[in-house]
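Reading the structure
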Amino acid sequence: LILYYQHLTHCFQCLEVDSLFFFFQATSESFFLYDSMDQVNGSVVTEFVLLGLAQSLGMQFLLFIFFSLFYVGVILGNLFIMFTVIFYSHLHSPMYILLANLSLVDLGLSSTTVPRVISDLFSDCKIISFHSCMIQMFFIHVMGGVEMILLIAMAYDRYTAICKPLHYLTIMNPKMCMLLVVTAWVIGVIHAVFQFVFVINLPFCGPNNVGSFYCDFPRVIKLACMDTYRLEFVVTANSGFISMGTFFFLIVSYIFILITVRQHSSKDLSKAFITLSAHITVVVLFFTPCMFLYVWPFPTKSMDTFFAIVDFVVTPVLNPAIYTLRNRDMKVAMRRLSRQVVS
C-alpha cells in the first residue's frame, strides 16, 4: 500500500486536482484497476518517468538546437553514405557494404532516443508508457549488438586487405560479405532478446522514475519489486563485459595489423596507419561510453548523461565524417551524387 500511494503521489504531481472528493474517488477506483492488472500480469506500473536534461528555458532552447542539428546531421550523413554505396556499382565491395550497414545502424541507434529527447525538452511531465519503454530498450540493444559485430567484420576486412592483399577477393567474396552482415544482425537480435525476456516479465509495483532521459535495462531492472542482483549481473556481463572484450580485441587486432605491415614494408606503415586510424577512432567513440554505461553504471548522473549523449548523438554523426573524409573513393562518389541531385 505504501508503494502504491507513493506511485499515486508522483502521478498527481503532473495533474491539477481540484477537489479532495475527486482524489479519494480516483484513489478507490485506481486501486481496483491496479489490483486487477496485478492479477493479470503481476505489474501495477503502466508508465515510467524520464529525467529532464534542463530546467531553465534558455538551456532547453540550447539543447533543442544542439539535438536538432546533430540529428539532422545523423540523418543526412548516414543516408548519403547508404545511397552513395547503393547507386554506385564500383562501391559494391565488402568494405563499403559494411560501411553502409554501419550507417544504417547508426541512424537506427540515434532514432531510438533522440526524437523522444527533443519532444520531451519542453514537456513538464516526461512520461513514457511501459510498452514504449520496452520497445526502446529492445531496439537500443539490437542496434548496439549489430554495431559491435559490424566493427569486428570491418576489422577483419581491413586485416585481409592489408595483410593478405593477393587473397582479398577470394576471402572477402560477396557470399562472405553477406554472411558477415546477416551474422551481425542475427547476433544483435539475440543479444537484445536474451536480456529482454528477463525484463519484460519483472513485477513493477513501486517507484517508476528511470533516472535518465531514456530507458535502458540496468535502470529499469532496479525499479522491479524483487531482488534483481543476479539479473543485474547478467545484464552487466551481456552488455558490459562483451563491450569491453570486443573493444580490447579490436584494438589488439589493429595493433597486430600495424606490426605485420611494419615487418613487410616500413614504407606502407604510414598508409596503413592512416587507413586504420578512422576505424580506431570509431571504435574508441563507440565502446568507451558503452563500457562506462554498463561495466560501471551510474558513476554520476552528469557523467551518465554525457556518455549516453556521446553514444546516441555524437558518434552517429561523426562516423560518416570520419569514413568519408579519409576515403578518396567515397568523396569522389559523393561529389558525383551531389551534382546529380542538384541537377
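Residues numbered from 1 in each chain as written. Predicted model: local features only at pLDDT ≥ 70, side-chain atom pairs only at ≥ 80, totals over all residues. Heavy atoms only, no water.

We now examine the UniProt feature "transmembrane region" (unreviewed entry) in the protein chain. This chain's UniProt record puts "transmembrane region" (unreviewed entry) on residues 61-88, 95-114, 134-156, 177-200, 241-261, 273-294 and 306-325. Helix makes up 90% of residues 95-114 and strand makes up 0%, while its end C-alpha atoms are separated by 28 Å. (UniProt positions renumbered as here; feature names shortened; annotations may be inferred. Helix = DSSP H or I, 4+ residues; strand = E, 2+ residues; numbered from the N terminus.)

What follows deals with helix H12 (residues 301-325). Its 25 residues place the ends of H12 34 Å apart at the C-alpha level, agreeing with the 36 Å of an ideal helix rising 1.5 Å per residue. When the local axis directions of H12 are compared, the greatest deviation, roughly 40 degrees, occurs at Val 314, which is followed within four positions by the proline Pro 316. When you tally the buried positions in H12, you get 18 out of 25 residues, the bulk of the element. (Expected span 1.5 Å × (residues − 1). Bend = angle between axes of the 7 residues up to and from the residue. Buried < 20%, exposed > 50% of the residue type's maximum accessible area, 1.4 Å probe, protein only.)

The subject of this paragraph is the nonpolar core. Counting 68 residues, the largest nonpolar core has Phe 67, Leu 151, Phe 287 and Met 330 as the members making the most contacts within it. Phe 287 has contacts with Met 148, Leu 151, Ser 243, Thr 246, Phe 247 and Leu 250, leaving out every residue within four places of it along the chain. Formed by 21 residues, the second largest nonpolar core is a distinct cluster that contains Val 44, Phe 130, Val 199 and Val 210. (Core = buried A, V, L, I, M, F, W, Y, C linked by side-chain atoms within 4.5 Å. Contact = heavy atoms within 4.5 Å.)

A few words on the packing of helix H4 (residues 94-111) against helix H6 (residues 130-163). Between two packed helices, the angle of one axis relative to the other and the distance separating the axes together describe the packing. Interaxial distance between H4 and H6 falls to 9 Å at its minimum, and their mutual angle equals 160 degrees. With respect to H6, the axis of H4 lies roughly antiparallel. For the pair H4 and H6, the sense of crossing is left-handed. Across the interface between the two elements, Pro 94, Met 95, Leu 98, Leu 99, Asn 101, Leu 102, Val 105, Asp 106, Gly 108 and Leu 109 of H4 pack against Ile 140, Met 143, Gly 144, Val 146, Glu 147, Leu 150, Leu 151, Ala 153, Met 154, Asp 157 and Arg 158 of H6. (Axes fitted to C-alpha atoms, helices over the stretch in contact; angles between N-to-C directions. Parallel < 35°, antiparallel > 145°, perpendicular 65-115°, else oblique. Left-handed = near helix turned anticlockwise from the far one by under 90°.)

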